[in-house]
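Each chain, letter by letter, is given below.
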Amino acid sequence: MLVLDGKIVSQLLKTEISQKVTEFKAKYHRTPGLGVIIVGNNPASHVYVRNKEIACKNVGMNSIKWDFPEDISEDDLVKQIKKMNELKDVDAFLVQMPLPQHINTDKILDAIDPLKDADGLHPYNLGMLWVNRQIVAPCTPWGVIRILKHYEISIAGKNCVVVGRSQIVGKPMAHLLTQADGTVTIVHSRTKNISDFTRQADIVVVAAGKKHLMGKNDFKVGSVIIDVGIHGSGLSSSDQREKSKISGDVRFDELQGWVSAATPVPGGVGPMTIACLLENTLKLAENRMKIC
Ligand code: GUN
């Protein structure tokens, strides 16, 4: 079984981005900047945001973080987003999910300037994706496409099954696989006998959000398995013991000798998401410079 190493692929992408950032700075005499808005105290979200800030620094980009209390009102958060829309030094930004229950996520995404939408989750950008004219695509599914490309795993003509239909992963993932000429099925929590579908698939992307949901018997021999799940990541990322407890939606240990390739967790899709966020930020920064 080939282990699809997201650390290596993301590192290659980050090196490329870093070179492009240097060129950007020489051309425009300014530094691309990512903004991050985080609400509340979700420990996993704070770890992700910290990793995004570090990644920006490593490729020579600026980042700014606005941290708001759990009880910020929806209206106040929208006001802050509108402020960030206007900030000259911020080329792109994101609002870290999940948001507290009292805040309507759609309202928040709607408030983001689509031309600064680092995650590609504004309805305008999702619409552009739908018509195959995207400037940026949501980072996690785009990272999956990039990993498959790197390992020269072709999608065209393959039976692809996406497990999960979230706005952030499942739906855009299915569309990107379709764009790449895959034959795509989405299964979800209301699907009867999910494994009847996944056992037919050449490529399975599991984004169900359920720890260790699937194992070898859910997959066809020789298939390619992409695990988007991430569980137990809320503690310090520098603590190796805690790191080893991170697991995905797939029982990775069962796959050896059964499937042809799979992403591990950690070290698979996760690092790709951050690299694709940097890629989106740079694309939007370049776009902005052309418009200005
Ligand atoms: N929470 C988990 N993944 C993501 C992501 O890709 N973007 C945002 N904004 N929040 C997330």
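The shown structure was predicted, so the numbers you read here are calculated from the model rather than taken from an experiment. (Residues numbered from 1 in each chain as written. Predicted model: local features only at pLDDT ≥ 70, side-chain atom pairs only at ≥ 80, totals over all residues. Heavy atoms only, no water.)

### Comments concerning unusual backbone geometry
Part 1 of the argument: Looking along the chain, the bond that leaves Met97 and enters Pro98 is cis, with omega of 0 degrees.
Part 2 of the argument: With respect to the helices, strands and loops of the structure, Pro98 is situated in the loop between β4 (92-95) and α4 (105-111).
Part 3 of the argument: Omega for the bond connecting Val265 with Pro266 falls within 30 degrees of zero, at 0 degrees, which places this linkage in the cis form.
Part 4 of the argument: Positive phi outside glycine occurs at Asn193, with the angle close to 50 degrees.
Part 5 of the argument: Looking at where Asn193 falls in the secondary structure, it is placed in the loop between β6 (183-187) and α8 (194-198). (Helix = DSSP H or I, 4+ residues; strand = E, 2+ residues; numbered from the N terminus.)

### Some points on the pairing of β6
Part 1 of the argument: Relative to β6, strand β5 (residues 159-163) is paired through five bridges, and the arrangement is parallel. The residue bridging Asn159 from the neighbouring strand is Thr183, located in β6.
Part 2 of the argument: Handedness of the β-α-β unit built from β5, helix α7 (residues 170-179) and β6 comes out right-handed. (Pairing = 2+ DSSP bridges. Right-handed = clockwise from strand over helix to strand, strands pointing away.)

### Quick look at the site of the ligand
Part 1 of the argument: Within the structure, the ligand sits among Leu94, Val95, Gln96, Met97, Asp119 and Ile168.
Part 2 of the argument: Between the ligand and the protein, one listed contact pairs a nitrogen atom with a backbone N or O atom of Met97 at 2.9 Å.
Part 3 of the argument: Here a nitrogen atom of the ligand and a side-chain polar atom of Asp119 are 2.6 Å apart.
Part 4 of the argument: Residue composition of the shell around the ligand, by class: four nonpolar, one polar and one charged. (Near = heavy atom within 4 Å. Polar contact = N/O pair within 3.5 Å; in protein donor to acceptor, adjacent residues only side chain to side chain. Nonpolar A, V, L, I, M, F, W, Y, C, P; charged D, E, K, R; others polar.)

### Re the pairing of β4
Part 1 of the argument: Of the two faces of β4, the one holding Ala92 and Leu94 and the one holding Phe93 and Val95 are both buried throughout.
Part 2 of the argument: Taken together, the four bridges between strand β2 (residues 33-39) and β4 define a ladder with parallel strand orientation. Of the residues in β4, the one forming a bridge with Ile37 is Val95. (Buried < 20%, exposed > 50% of the residue type's maximum accessible area, 1.4 Å probe, protein only.)

### Observations regarding the packing of helix α1 (residues 6-28) against helix α10 (residues 269-291)
Part 1 of the argument: At a minimum axis separation of 9 Å, α1 and α10 run at an interaxial angle of 20 degrees. On the basis of their axis angle, the class for α1 and α10 is roughly parallel. Taken as a pair, α1 and α10 cross one another with a handedness that is left-handed. Between α1 and α10, the contacting residues are Gly6, Lys7, Val9, Ser10, Leu13, Lys14, Ile17, Lys20, Val21, Phe24 and Tyr28 on the first element and Pro271, Met272, Ala275, Cys276, Leu278, Glu279, Leu282, Ala285, Glu286 and Met289 on the second.
Part 2 of the argument: In terms of residue class, the contact of α1 with α10 is made up of 14 nonpolar, two polar and five charged. (Axes fitted to C-alpha atoms, helices over the stretch in contact; angles between N-to-C directions. Parallel < 35°, antiparallel > 145°, perpendicular 65-115°, else oblique. Left-handed = near helix turned anticlockwise from the far one by under 90°. Contact = heavy atoms within 4.5 Å.)

### Some remarks on the pattern of salt bridges
Part 1 of the argument: In the structure shown here, the tally under the stated rule is 11 salt bridges.
Part 2 of the argument: A salt bridge links Glu279 to Arg146; its shortest N-O distance comes to 2.6 Å. Taken together, the residues Glu279 in helix α10 and Arg146 in helix α6 (residues 139-150) connect sequence positions 133 residues apart.
Part 3 of the argument: Residue Arg251 pairs with Glu254 through a salt bridge whose shortest N-O separation is 2.7 Å.
Part 4 of the argument: A relative accessible area of 30% means that Arg251 is categorised as partly exposed.
Part 5 of the argument: Ionic contacts of the salt-bridge type, sharing partners, join the residues Arg30, Asp91 and Arg288 into one network. (Salt bridge = Lys/Arg side-chain N within 4 Å of Asp/Glu carboxyl O.)

### Here we look at the nonpolar core
Part 1 of the argument: Counting 53 residues, the largest nonpolar core has Leu177 and Ile226 as its most contacted members.
Part 2 of the argument: Ranked by residues supplied to this core, first place goes to α10 with 11 residues.
Part 3 of the argument: Apart from the residues within four sequence positions on either side, Ile226 is in contact with Leu4, Val144, Ile147, Leu148, Val204, Val205, Val206, Thr263 and Val269. (Core = buried A, V, L, I, M, F, W, Y, C linked by side-chain atoms within 4.5 Å.)

### Looking at the sheet that holds β2
Part 1 of the argument: If you walk across this open sheet you meet the three strands as β3-β2-β4, and the pairing is parallel. With partners counted over all chains shown, the strands left at the sheet margins are β3 (62-68) and β4, one partner each. In this sheet, adjacent strand axes meet at a mean angle of 15 degrees when their direction is disregarded.
Part 2 of the argument: Of the pairings in the sheet, the one linking β2 to β3 comprises seven bridges and is parallel in character. Considered in β3, the bridge of Ile37 is made with Trp66.

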